[in-house]
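Notes for the structure review
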Amino acid sequence: MNSLNFGYSLKNIPKSTNKDYLIRIINMTEKFLIRARWKAFFYLNPDCKPTNKDTFGFKSSKPTPHIKELDHFETEIYNLLTNIRFESFTNQLQTKMRNNVKDIKNDDKLLVKADKTTNFYKLSTSQYRELIEQNITKDYKKAPPDLAKSITTKDITIAKSLNLDTRIEVLAQKEAFITLKDHKPNFNNKPSCRLINPTKSNIGVISKQLLDNINTKLLQHIKVNIWKNSYSVINWFENIKNKSSKSFITFDICNFYPSITEDLLHKALSFASHFTNIPTEHQEIILHSKKSILISNGEQWTKKHDSNFDVTMGSYDGAETCQLIGIYLLNLLTTEMNIECNLGLYRDDGLIVCEGTPRHIEQNKKQICNFFRKFNLSITIEANKKIVNFLDVTFNLTNQSYKPYTKPGNTILYVHKQSDHPPAVLKNIPENINKRLSSLSSNEEEFNTTIQPYQEALSNSGYDYKLKYNPTPKPNNNNKNRNRNILWYNPPFSSTVKTKIGKKFLQIIDKCFPPSNQLSKIFNRKTIKISYSCMPNMKNIIDGSNHHKLKTTHTPTTATKLNDKQCNCKQPSHCPLNGKCLYKDVIYQATVTRHDNNSSHSYIGLCSTTFKTRFNNHKASFLHADKANSTQLSRHIWNLKNTNTKFSLKWNILKICKSYSNLTNRCNLCNYEKYIILKHPELSSLNRRNELSTTCRHKHKFLLAHVTDAS
């Protein structure tokens, strides 16, 4: 299996097309305007303040109210987007990435990422399917056909009990995927993989916060080392006394996440309940969030030995669950087994420092192995070591030092200076690298012995910056900053955009909300900030390409799939779309032409149902006066009818694209409609321009409150 390395970081961002940029900025502007409307609504209507219930971060699905006080502001924002201008932009890296993107899309093979290195591997879809099947069948079995439904039923019960069923979406059944563990021995002859299951219930978001609270309170009573980053490990190492007389024991819990059983989690929760109150309903939420299924090629799988209980990689509460189990295990290890060692755990990686003879330390090693075996956890362990590589740091007990570490075979790559990132991001990259390397070095000598590959990587990325040891003082956490209610606007950045988006946006704030404006207290330069977001990077493009290749080679497209029967009109010659009225997920245009002066007006609409269904709704609004205000099109038709003006109406499809899916959390149908209205006003003379701030109506069918409507 041959590795592929692009020679640059896949976090680099290639130049985007003008259309992609406009669609992205429309989407980000819509989110900002929705938040601004709600903020203005509650400010202007203090009696309508939202309830104090804990929403756990789930957003409201209610349509945003129209705020007439924001009309001028929204018009100015619309004009800003309409007048965005572009210019040509290219450089050596952009040319290389553009060619790579073409090659990726033209190649029928998949690019599979390595687990802990920067390598990629080319695999045919059949090879990839074979590898993923091997990893699934090792620990999973075919699930009952109604398993997903039973999980959703419990999701609904929990969501309703918290009054969140109108905010939480149904379980998104995402395809499992693998990364390749090319750092493992004998990888070329026997490739090993990490199986990642992205199918996760949104109840896990609630469980994450509950577990985080439990762990925080637990660590206040239990003095064990549960590390969250390299700096906490360094702090532990620095506090070890008489380092030269001690030795390390390192261990790695193999497949820790999937090896956590329901019984082990029950024991950990029971242990934690002695130190903090855990209501029964909270325990049910935590346990239910682990009920999951694995989806592969459209089929459902579940764990072999533990029903459908599974702590999956990438789950919302996986890290917090792992931390709780770690606290429980470390407490048992240090108390019940009476091991006199200084030890700590970072997720599945453990580090212990012991004092004693090599034989005594080996006995501790055996005790540790037997301890984990009791919980059906297998570990790899090494003892009597003076130097260890842990996370991204090398620790040395002999000379009491530490320095940065990278895994063998891993190429150090940084975001290139010619990447299409916001300038502020590129400017801070060298300084942040220098700061981190200095923090991971115990002294200047260790820093200087390790910086050469990092300096080369920085230079190869186009930066003229010399790394220099500069330890930063520990931050003072006693400083209390005032919490401001900031409203952020995050337009995407692109070097092809000639218009100064940020400058003009802040000018609009000053213009629309002077001190005399009643909303100036909540909308001003101190309460509204702008920070550029990024367009898709190379990794995003590779993932999208892989998904497309797997989908087209094994499953038919669904969202944009056309019915076998494209028209069901009794008289095909009278079909409004010339035999295509059963098309779904379409953006359509209606052109109304007056017969008296031949002037025309156009209306753009969309539908996720068949066009025929939407067409019948339009017809009803044309016939019944009580529905005259249903759409801008029906208003125009009734104005013509009231003046006895004859007219003709013509329909056509402008675009077919996917409506909202909880797999992608994106509605291409709504985004593209807004793009056409913005970029091609001549095609949508009847549409209102404030449609940019309307919420996507296609999300509703995926909410647990409307789960019966979800496909």
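Before going into details, it helps to say that this report is about the structure given with it. Here the structure is a predicted model, which means the values were calculated and not measured.

1. Brief notes about the environment of K304
One can find K304 in the loop between strand 10 (299-303) and helix 11 (318-335). What makes K304 partly exposed here is its relative accessible area of 35%. When neighbours within four sequence positions are excluded, K304 is seen to be in contact with T137, K138, D139, Y140 and K141. A polar contact of 2.7 Å, which involves the side chain of K304, links it to the backbone oxygen of T137.

2. Regarding the packing of helix 18 (residues 611-623) against helix 19 (residues 632-642)
Two elements in contact, helix 18 and helix 19, have axes separated by 9 Å at closest approach and are oriented at 35°. Of the two elements, helix 18 crosses helix 19, and the hand of that crossing is right-handed. Contact residues: helix 18 offers H618, S621, F622 and L623, while helix 19 offers L633, S634, I637, W638 and K641. Its residues assigned to classes, the contact of helix 18 with helix 19 comprises 5 nonpolar, 3 polar and 1 charged.

3. What to know about the sheet that holds strand 4 (residues 140-142)
Within the open sheet, the 3 strands sit side by side as 4-10-9. Their pairing is antiparallel. For this open sheet the edge positions go to strand 4 and strand 9 (294-296), each flanked by a neighbour on one side alone. With direction set aside, neighbouring strand axes in the sheet form an average angle of 40°. With 3 bridges joining them, strand 9 and strand 10 adopt antiparallel strand pairing. Along strand 10, the bridge assignment pairs S296 with E299.

4. A word on helix 7 (residues 230-238)
Since one α-helical turn is 3.6 residues long, residues separated by three or four positions face the same way. Considered for burial, the residues of helix 7 that qualify are S230, V233, I234, W236 and F237. Projected onto a plane normal to the axis of helix 7, the buried residues spread over an arc of 160° and lie on a single side. In this structure N229 caps helix 7, since a side-chain oxygen of it lies 3.2 Å from the backbone nitrogen of Y231.

5. Some thoughts on the pairing of strand 2 (residues 110-113)
Inspection of the sheet shows strand 2 paired to strand 3 (residues 120-123) by 4 bridges, in the antiparallel sense. Bridging across to strand 3, L111 finds its partner in K122. Turn length for the strand 2-strand 3 hairpin, with the two strands adjacent in sequence and antiparallel, is 6 residues.

Calculation criteria
Residues numbered from 1 in each chain as written. Predicted model: local features only at pLDDT ≥ 70, side-chain atom pairs only at ≥ 80, totals over all residues. Heavy atoms only, no water. Helix = DSSP H or I, 4+ residues; strand = E, 2+ residues; numbered from the N terminus. Buried < 20%, exposed > 50% of the residue type's maximum accessible area, 1.4 Å probe, protein only. Contact = heavy atoms within 4.5 Å. Polar contact = N/O pair within 3.5 Å; in protein donor to acceptor, adjacent residues only side chain to side chain. Axes fitted to C-alpha atoms, helices over the stretch in contact; angles between N-to-C directions. Left-handed = near helix turned anticlockwise from the far one by under 90°. Nonpolar A, V, L, I, M, F, W, Y, C, P; charged D, E, K, R; others polar. Pairing = 2+ DSSP bridges. Arc of directions from axis to C-beta.

The analysis is restricted to geometry; functional conclusions fall outside its scope.
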